[in-house]
Amino acid sequence: MKDWNALASDLYDGSFRPMFINGKWCPAQSGAEMDARNPANGSLLATVPQGGEADIDAAVKAARAAFEGPWAKFTPFERQALLLRIADKFEAEWERLCLSDTLDMGMPIQRTLANSRRVLGMLRFYAGQAVMIHGQTIPNSFPGEIYASTVREPVGVVGAIIPWNAPIAGSVWKIAPALATGCTVVLKPSEEASLTVLMIARLMQEAGLPDGVLNVVTGLGADAGAALAAHADVDKIVFTGSTATGQAIARAATGTLKRVSLELGGKSPVIVCKDADIDKAVPVAAMSVFANSGQICIAGSRLFVAREIHDEFTRRVAEFAAGLKIGQGIDEGTDIGPIISARQADRIAGFLSDGPAEGASVLTGGHRAEGAALKGGHYIQPTVFSGVTDDMRIAREEIFGPVISALPFDDLDEVVTRANDTPYGLAAGVFSTNLGTAHKLAHRLKAGSVWVNMYHAIDPAVPFGGVKMSGYGREGGTEHLEEYLDTKAIWINA
Ligand code: NAD
């Protein structure tokens, strides 16, 4: 077993970590700093700049100068080569990168190592796409020799704002396609987890990223984040986070009518039909929520189970949950790591009290987890509620913690109506061995992604995103490139 603790003290020793603007490592102009603490035990990992409006402005100026200067001269093949070098660099530093995420936001190290690895694929997929972007020559209605063609142009300076729950994947999935199209980026990580994003910027710089192409401004959402969303010289905002913040960003962006894409919250349904393969469905349905301690936007937190198998299925999900090991992310045996902050843990604990108060039964969990090994952190037991009805708060609101609400259903029409009865539409899961049933449900569920007899598959080549109040725009696949491109029509009278 690797000595992750020794590597950890090597990585972060409590010292100041500057932010990254125009290829330089700098403090906030105000001199303000914020603590970066390990949510597993509360220890101080580092301090980082608390950037504000002036820092955002400097970063946007750098991104604009790079966009119109040296970066514009990079050919698509040079952008491709850079993205491939960045992927190789990340691969060489993979363990340190993953450990940084585990320390900074608590994700169990085994999950970070395995799950975040798709970012290497993202970088290589978009390296491939960089040389595939092209327009068309279009036959038109004008008589004579009038030629119409299109070219695809990068939108310009992209402002990217991300949450804390998956900093490696969250940042790279925004940066890689932006660089492939020729855009430049100002990235504001979450104040809860900035360190890995700073490490990513450093690795990119070492791989040869020109100054100003990526800038990272650490700081608070209401300050640095709001300044980025409203900045007049930002052409596009890509945001991942809560629906409430997404709404604030969309409002701020109207000032300059900049383009916006939003990956927001969810309350995703998982539907287990009476013909499901129960042995296979139990662990997948459970981990659709418990992975990353439930701090996942796609958490399948409304578990609809056919009444015929409801009691057996929920009992087995509860047994599975009770067997999960709660601990610090750095311990290789940990399944359930800490919750990011006291505020977030208090919020989840509020739902744990609400459930029984509204009439739900606790099949397992239902409390904070405590113990000597968990001291200084905030941990929540994986929890399964049964006897839940659609109107309860635990069935309606995004909890963003390890909490499943199980709801019985009687027929497919009914479950589709109930599953779709939510403001959200990010993801959904279906378990059935009947292909016809699976198809029917997959087509009728209102969600950006539907997984059948699986969950959680996210791939660089496949678009991901939400409908309704889970947002708009897509990340992944060639659709993601569209988010960063404009189309110009060129007419020539020959
Ligand atoms: P959040 O909305 O509180 O914060 C996200 C980011 O926005 C942070 O960087 C924050 O500093 C910034 N921010 C906050 N207020 C801002 C403002 N007024 N203007 C500009 N920026 C501002 O979200 P969070 O608590 O960090 O993350 C959890 C949420 O993210 C959940 O709702 C979850 O579902 C969602 N999420 C969605 C996806 C997805 O792909 N759909 C992925 C991960 C997380």
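Residues numbered from 1 in each chain as written. Predicted model: local features only at pLDDT ≥ 70, side-chain atom pairs only at ≥ 80, totals over all residues.

### Points about the overall build of the protein chain
Broken down by element type, the protein chain carries 17 helices and 22 strands. For the protein chain, whose C-alpha radius of gyration is 23 Å, the value lies close to the compact-globule estimate of 23 Å for 494 residues. Summarising its shape, the C-alpha atoms of the protein chain cover approximately 70 × 65 × 40 Å along the three principal directions. Buried positions account for 54% of the 494 residues belonging to the protein chain. (Helix = DSSP H or I, 4+ residues; strand = E, 2+ residues; numbered from the N terminus. Rg over C-alpha atoms; globule rule 2.2 N^0.38 Å. Buried ≥ 20, exposed ≤ 12 C-beta atoms within 10 Å, placed from the backbone.)

### Considering unusual backbone geometry
The backbone phi angle of asparagine 22 is positive, close to 55 degrees, even though this residue is not glycine. Tracing the sequence through the fold places asparagine 22 in the loop between strand E1 (19–21) and strand E2 (24–26). On the neighbour-count criterion, asparagine 22 (16 C-beta atoms within 10 Å) is partly exposed. One non-glycine residue, asparagine 292, lies in positive phi territory at about 55 degrees. Turning to its location among the elements, asparagine 292 is positioned in the loop between helix H11 (278–290) and strand E13 (302–306). For asparagine 292, a count of 23 C-beta atoms within 10 Å gives the class buried.

### Examining the sheet that holds strand E5 (residues 137–138)
In spatial order, the strands read E5-E6-E22; together these 3 strands make up an open sheet with antiparallel pairing. Each edge of the sheet is formed by a strand with only one pairing partner; in this case those strands are E5 and strand E22 (485–493). Across 9 bridges, strand E6 (residues 146–154) lies against E22 in antiparallel orientation. Note on E22: the bridge partner recorded for isoleucine 146 is asparagine 493. (Pairing = 2+ DSSP bridges.)

### A short note on the domain arrangement of the protein chain
We note that the domain assignment places domain 1 (4–264 + 470–490) and domain 2 (269–452) within the protein chain. Spacing between the C-alpha centres of domain 1 and domain 2 amounts to 31 Å. Every contact between the two is made by 19 residues of domain 1 and, on the other side, 23 residues of domain 2. (Domains from an automatic or database assignment. Contact = placed C-beta atoms within 7 Å.)

### Quick look at the UniProt feature "active site" (unreviewed entry) in the protein chain
UniProt annotation of "active site" (unreviewed entry) refers to Glu263 when read in the numbering used here. When residues no more than four places from it in sequence are discounted, the contact partners of glutamate 263 are Thr240, Gly465, Gly466, Gly471 and Glu475. (UniProt positions renumbered as here; feature names shortened; annotations may be inferred.)

### Quick word on the sheet that holds strand E17 (residues 383–386)
Strand order in the open sheet formed by 7 strands is E14-E17-E18-E13-E12-E19-E20, and the pairing between neighbours is mixed. Each edge of the open sheet carries a strand with a single partner, namely strand E14 (361–364) and strand E20 (449–452). Along the sheet, successive strands turn relative to each other by an average axial angle of 25 degrees, direction set aside. Pairing between E13 and strand E18 (residues 403–409): 5 bridges, direction parallel. Its bridge partner lying in E18, valine 305 is registered against proline 408. Where helix H12 (residues 307–322) meets the sheet, it contacts strand E12 (269–272), E13, E14, E17 and E18, and its direction lies at approximately 135 degrees from that of E13. (Axes fitted to C-alpha atoms, helices over the stretch in contact; angles between N-to-C directions.)

### Notes on the site of the ligand
As a structural note, the neighbourhood of the ligand is formed by 28 residues, with Pro163, Gly221, Gly225, Gly241 and Cys297 the closest of them. Listed by contribution, the elements that provide at least two residues to the shell around the ligand are helix H9 (221–230) and helix H10 (243–253). Take the shell around the ligand: its biggest share by element is 5 residues, from H9. Domain assignment of the residues forming the shell around the ligand places at least three in each of domain 1 (4–264 + 470–490) and domain 2 (269–452). (Near = placed C-beta within 6 Å.)

### Considerations on the environment of valine 119
Looking at the element boundaries, valine 119 is found in helix H6 (residues 118–130). You can call valine 119 buried: it has 25 C-beta atoms within 10 Å.

### Topic: the environment of glutamine 136
For glutamine 136, the location among the structural elements is in the loop between H6 and E5. For glutamine 136, a count of 12 C-beta atoms within 10 Å gives the class exposed. As for glutamine 136 and valine 151, which are separated by 15 residues in sequence, their C-alpha atoms are 7.1 Å apart.

### Examining the confidence of the model for the protein chain
Counting all residues, the mean pLDDT for the protein chain is 97, and 100% of those residues have values of 70 or more. The secondary structure element of the protein chain with the lowest average pLDDT is helix H5 (residues 109–115), at 90, and the one with the highest is strand E9 (residues 214–216), at 99. The complex model carries a pTM of 0.97, and its ipTM stands at 0.96. (pLDDT = per-residue confidence, 0-100.)

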